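Single-letter residue listing:
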Amino acid sequence: MGNPLSDLMSTLRSGNSTAPRLTWYGPDAERVELSGRVLDNWVAKTSNLLQDELDAAPGMRLRMELPAHWKSMVWALAAWQVGMQTVLDDGAADYMVTADPESAEGNYDAVIAVALPALAMRWPGTLAAGFLDYAAEVRSHGDVFMAHAEPDPSGCAVVAGNGRAYSHQDLLNGFAARHDEGVRLHVPAGNGLEGALSNALGAWRHDGSVVMTHQDVELTDKLLAAERIHGS
């Protein structure tokens, strides 16, 4: 059995690969739109960073100290493509990815700092020794991901807030929320990372797309109409 997440990424980069799959509205009028091909490109580069630069392997754990954001979606997809478990609470992990490296505590094989602004080419400041700058490093990695080892389909991919564990083979049929075919789904970032991941997976699984808005962005009728948000 293959990796369901890798199969999903293959679907997103084929067929209508130029259609929007993930649109982000952030502070200061920031708008980022990723087609299936571009989303897959970001995920592949991040997967290669994990596998080739950080020696991440199936079964290892990535703690995600990130808000719901388009880059958080990329990181979760990349971790699952490698076969890792995403840790959404303060549980033990091998690696941490964070938007606030100064507050990072604990022992990790690596801590990766993620600058959230779309145009950031490096971390805006000085990072402590041993911290990895995602923005500065990710673009040097390959656009195609080839796994060194196949994930165990029964291995844990994520533990939800209610304590239920979902395996990699259950990501799309269990953890992913159910949505209409071809949905153009609004996902409020203020509802948290777990819900954003579940809803996005559910939309993509049914050939849909996602519009994610930061909590400071007003959801106006004009925005809803411009983004053609529909379905549920």
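Everything numeric in this text was worked out from a predicted model, so none of it was measured.

Caption draft 1: Seen up close, the overall build of the chain. The secondary structure content of the chain amounts to 7 helices and 11 strands. Taking 17 Å as the expected radius of gyration for a compact globule of 232 residues, we find that the chain reaches 17 Å, a close match to that expectation. The principal-axis extent of the C-alpha atoms belonging to the chain is close to 45 × 45 × 35 Å. Considering the chain as a whole, with its 232 residues, one finds that 51% of them fall into the buried category. By sequence separation, contacts in the chain at least 24 residues apart represent 66% of the contacts at least 6 residues apart. Of the roughly 10700 Å² of accessible surface on the chain, 46% is carried by carbon and sulfur atoms. Mean positive and mean negative side-chain charge positions of the chain (16 and 30 charges, respectively) differ by 8 Å.

Caption draft 2: Focus on the pairing of strand β2 (residues 30–35). By the bridge criterion, 6 bridges tie strand β1 (residues 20–26) to β2 in an arrangement that is antiparallel. Its bridge partner lying in β2, tyrosine 25 is registered against arginine 31. Counting the residues in the hairpin turn of β1 and β2 gives 3 residues, including aspartate 28, whose phi is positive at 60°.

Caption draft 3: Spatial organisation of the sheet that holds β1. Spatial ordering of the open sheet is given by β2-β1-β11-β10, a layout of 4 strands whose pairing is mixed. Two strands close off the open sheet at either side, each with one partner strand: β2 and β10 (184–188). Sheet twist, expressed as the mean angle between neighbouring strand axes with direction ignored, is 15°. Bridging between β1 and strand β11 (residues 209–213) involves 4 bridges; their strand directions are parallel. The partner of tyrosine 25 across the bridge, within β11, is threonine 213. Where helix α3 (residues 70–82) meets the sheet, it contacts β1, β2 and β11, and its direction lies at approximately 135° from that of β1. Of the strands in this sheet, β1, β10 and β11 touch helix α6 (residues 193–205), which is tilted by about 155° from β11.

Caption draft 4: Structural detail: the packing of aromatic side chains. Counted according to the given criterion, the structure contains 5 aromatic pairs. Pairing tryptophan 42 with tyrosine 134 gives two aromatic rings, centres 6.5 Å apart and planes at 45°, and the pair type is tilted. One end of the pair, tryptophan 42, is in helix α2 (residues 36–53); the other, tyrosine 134, is in helix α4 (residues 134–137), and 92 residues separate them in sequence. By relative accessible area, tryptophan 42 is classed as buried at 16%. Ring centres of tryptophan 80 and phenylalanine 175 lie 6.2 Å apart, and the angle between their planes is 70°; this geometry places the pair in the edge-to-face category.

Caption draft 5: View of the pattern of salt bridges. Counted by the stated rule, this structure contains 8 salt bridges. Glutamate 227 serves as the salt-bridge partner of arginine 184, at 2.6 Å between the closest nitrogen and oxygen. Remark: glutamate 227 occurs in the segment after α7 (221–226) and arginine 184 occurs in strand β10; sequence separation between them is 43 residues. For the pair arginine 184 and glutamate 227, a shared accessibility class is recorded, and that class is buried.

Caption draft 6: Local environment of the nonpolar core. In terms of nonpolar packing, the biggest core is built from 63 residues, with Leu39, Trp75, Trp80, Leu201 and Trp204 touching the most fellow members. It is α3 that contributes the most residues to this core, 10 residues altogether. Other than its neighbours up to four places away in sequence, tryptophan 204 contacts Leu8, Leu12, Arg21, Leu22, Leu39, Met73, Leu77, Ser209 and Val210. Within the second largest apolar cluster, 5 residues are counted, among which are Ala93, Met96, Tyr108 and Val111.

Caption draft 7: Structural view of the environment of leucine 116. Among the structural elements, leucine 116 can be located in the loop between β6 (110–113) and β7 (131–133). Counting along the chain gives 65 residues from leucine 116 to glutamine 51, while the straight-line C-alpha distance between them is 22 Å. For leucine 116, the residues in contact, after removing those within four places along its chain, are Pro67, His69, Lys71 and Ala99.

About the cut-offs
- Residues numbered from 1 in each chain as written.
- Predicted model: local features only at pLDDT ≥ 70, side-chain atom pairs only at ≥ 80, totals over all residues.
- Heavy atoms only, no water.
- Helix = DSSP H or I, 4+ residues; strand = E, 2+ residues; numbered from the N terminus.
- Rg over C-alpha atoms; globule rule 2.2 N^0.38 Å.
- Buried < 20%, exposed > 50% of the residue type's maximum accessible area, 1.4 Å probe, protein only.
- Contact = heavy atoms within 4.5 Å.
- Areas by Shrake-Rupley, 256 points an atom, 1.4 Å probe, with all protein chains shown as cover.
- Lys, Arg positive; Asp, Glu negative; His and termini not counted.
- Charge placed at Lys NZ, Arg CZ, Asp CG, Glu CD.
- Pairing = 2+ DSSP bridges.
- Axes fitted to C-alpha atoms, helices over the stretch in contact; angles between N-to-C directions.
- Phe/Tyr/Trp six-rings, centres within 6.5 Å; stacked < 30°, edge-to-face > 60°.
- Salt bridge = Lys/Arg side-chain N within 4 Å of Asp/Glu carboxyl O.
- Core = buried A, V, L, I, M, F, W, Y, C linked by side-chain atoms within 4.5 Å.

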